[in-house]
Amino acid sequence: EDEIAAMGAVVGGSLGGAKALTATSGPGFSLKQENIGYAIMSETPCVIVDVQRGGPSTGAPTAPAQSDIMQARWGTHGDHSMIALTPGYPAEVYRETVRAFHLSEVYRTPVMLLIDEIIAHTTESYDIPTAEELGPIHPRSWYQERFAANSFRPFYDFYQGKHIHITGLSHNERGFATTTPAIIQRGIEHLVNKIEHHQKDIERNDTYKLEDAEIALITFGSPGRASKEAVDIARAEGIKAGLMRIITFWPFPTATVRELVDNVRAVIVPEMNMGMLRGEVERA
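Our subject in this report is the structure included herewith.

**A closer look at the overall build of the chain**
No. 1: Looking only at helices and strands, one finds 12 helices and nine strands in the chain.
No. 2: Relative to its length of 284 residues, the chain is compact, with a C-alpha radius of gyration of 20 Å against a globular reference of 19 Å.
No. 3: Based on the C-alpha atoms only, the size of the chain along its principal axes is roughly 65 × 40 × 40 Å.
No. 4: Going through the 284 residues of the chain one by one, you find that 49% of them count as buried.
No. 5: Taking contacts inside the chain between residues at least 6 apart in sequence as the whole, the part at least 24 apart equals 75%.

What follows is the structure in structure tokens.
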């Protein structure tokens, strides 16, 4: 009946063993945050699609924006990390949705797919990738044994004959609530480090004509499409421009951006917000 309930249904479906996804736009994304936090704490694999458009509040409902990037990372309260993917083309949306499910199972976490209104309303022809190109999505049981270390507690689906305990409270390694500071600290560090320590495995970017670039454009989503054309126009005028289009926005590719910035004279950051990506580039 609402976005809060939709996110709750996704958590429940995943805990029962299903591949579960919910989709929304900006205001609905805000409502989902409480149960996104529950999914983070309970380490429940699921996928959340957010089609970004103008805000705050109802804002410009049919106009594009990219102003939910920080909400994706910091929208729910408490310490945690986050995986968020920002594809820029319909074919990429297909591929990254599949990857989102895979990453959610590997790292036992919600994964966000952040596109914008322009991408959502773009129609293009493309070849559906083969299973080999995509990489398979395995049953939950395949992930349980191979990635057990990515869960703070034993990870089983409901209805499988195992005794399991799920809670949004800080909990011990058996899943039961605890108020012991040392255990709470271990649990929080686990939620952060299981993603941050595998940043290189999760990172994916698209680069264009960066080999000899003196000016780098760093962007994501639909502005990446315009930026690619801008690079071609600049090159035709003798300006050595190149493009880095971020596909895995969180965890942020800090080391990659730092290396790129160290090797160019100037950086341009096109984005449809008031500087959310720019701030991350400056931090890097």
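Here the narrative resumes.
**Some thoughts on helix 1 (residues 3–15)**
No. 1: In a regular helix each residue adds 1.5 Å, so 13 residues correspond to 18 Å; helix 1 covers 18 Å between its end C-alpha atoms and thus fits that length.
No. 2: Buried within helix 1 we find Met 7, Val 10, Val 11, Ser 14 and Leu 15. Down the axis of helix 1, the buried set is contained in an arc of 130°. They therefore lie on one face.
No. 3: Buried positions along helix 1 lie against strand 1 (21–25), helix 2 (26–41), strand 2 (46–52) and helix 7 (140–146).
No. 4: The first or second residue beyond helix 1 is Gly 17, which carries a positive phi of 110°.

**Observations regarding the side chain of Gln 144**
No. 1: Position of Gln 144 relative to the elements: it lies in helix 7.
No. 2: Under the relative-accessibility criterion, Gln 144 is labelled buried at 17%.
No. 3: Each residue touching Gln 144, except ones within four places of it in the same chain, is listed here: Arg 108, Phe 155, Tyr 156 and Asp 157.

**Looking at the nonpolar core**
No. 1: Formed by 35 residues in total, the largest nonpolar core has its most connected members in Met 112 and Phe 252.
No. 2: Non-local contacts of Met 112, meaning those with residues more than four positions away in its chain, are made with Phe 29, Ile 36, Ile 48, Ala 72, Met 82, Ile 83, Ala 84 and Leu 85.

**Description of the pattern of salt bridges**
No. 1: Enumeration over the complete set of coordinates arrives at 18 salt bridges.
No. 2: Note that Arg 140 and Asp 157 form a salt bridge whose closest N and O atoms lie 2.6 Å from each other. With Arg 140 in helix 7 and Asp 157 in the loop between helix 7 and helix 8 (181–196), this pair connects stretches of sequence that are 17 residues apart. Side by side, Arg 140 and Asp 157 carry an identical accessibility label, which is buried.
No. 3: Glu 203 serves as the salt-bridge partner of Lys 200, at 3.7 Å between the closest nitrogen and oxygen.
No. 4: On the basis of relative accessibility, which here comes to 16%, the residue Glu 203 falls in the buried class.

**Concerning the sheet that holds strand 5 (residues 205–208)**
No. 1: The strand order 5-7-6-9 describes an open sheet built from four strands, whose pairing is mixed. Bordering the open sheet on either side are strand 5 and strand 9 (266–268), each of which pairs with just one other strand. Within the sheet, the average angular offset between the axes of one strand and its neighbour, ignoring direction, is 20°.
No. 2: Pairing geometry for strand 6 (residues 215–220) and strand 9, over three bridges, is parallel. Looking at strand 9, one finds that Ala 216 is bridged to Val 267.
No. 3: Sitting on the sheet, helix 11 (residues 254–262) is in contact with strand 5, strand 6, strand 7 (241–246) and strand 9, with an inclination near 155° to strand 6.

**Concerning the sheet that holds strand 1**
No. 1: With mixed pairing, the five strands of this open sheet are ordered in space as 1-2-4-3-8. The open sheet terminates on both sides in strands that have one partner only, identified here as strand 1 and strand 8 (248–250). In this sheet, adjacent strand axes meet at a mean angle of 25° when their direction is disregarded.
No. 2: As defined by bridge partners, strand 3 (residues 83–85) adjoins strand 4 (residues 110–116) across three bridges and the pair is classed as parallel. Paired with Ala 84 across the two strands is Met 112, which belongs to strand 4.

**Details of the packing of helix 1 against helix 2**
No. 1: Put simply, helix 1 and helix 2 touch, their axes get as near as 7 Å, and they point 30° apart. Relative to helix 2, helix 1 is oriented roughly parallel. For the element pair helix 1 and helix 2, the recorded crossing hand is right-handed. Residues Glu 3, Ile 4, Ala 6, Met 7, Gly 8 and Val 11 of helix 1 touch helix 2, and the partners they reach there are Gly 28, Leu 31, Lys 32, Asn 35, Ile 36, Tyr 38 and Ala 39.
No. 2: Across the contact of helix 1 with helix 2, the residue classes tally to eight nonpolar, three polar and two charged.

Calculation notes
- Residues numbered from 1 in each chain as written.
- Predicted model: local features only at pLDDT ≥ 70, side-chain atom pairs only at ≥ 80, totals over all residues.
- Heavy atoms only, no water.
- Helix = DSSP H or I, 4+ residues; strand = E, 2+ residues; numbered from the N terminus.
- Rg over C-alpha atoms; globule rule 2.2 N^0.38 Å.
- Buried < 20%, exposed > 50% of the residue type's maximum accessible area, 1.4 Å probe, protein only.
- Contact = heavy atoms within 4.5 Å.
- Expected span 1.5 Å × (residues − 1).
- Arc of directions from axis to C-beta.
- Core = buried A, V, L, I, M, F, W, Y, C linked by side-chain atoms within 4.5 Å.
- Salt bridge = Lys/Arg side-chain N within 4 Å of Asp/Glu carboxyl O.
- Pairing = 2+ DSSP bridges.
- Axes fitted to C-alpha atoms, helices over the stretch in contact; angles between N-to-C directions.
- Parallel < 35°, antiparallel > 145°, perpendicular 65-115°, else oblique.
- Left-handed = near helix turned anticlockwise from the far one by under 90°.
- Nonpolar A, V, L, I, M, F, W, Y, C, P; charged D, E, K, R; others polar.

In short, the description is geometric, and any link to function would need to be established separately.
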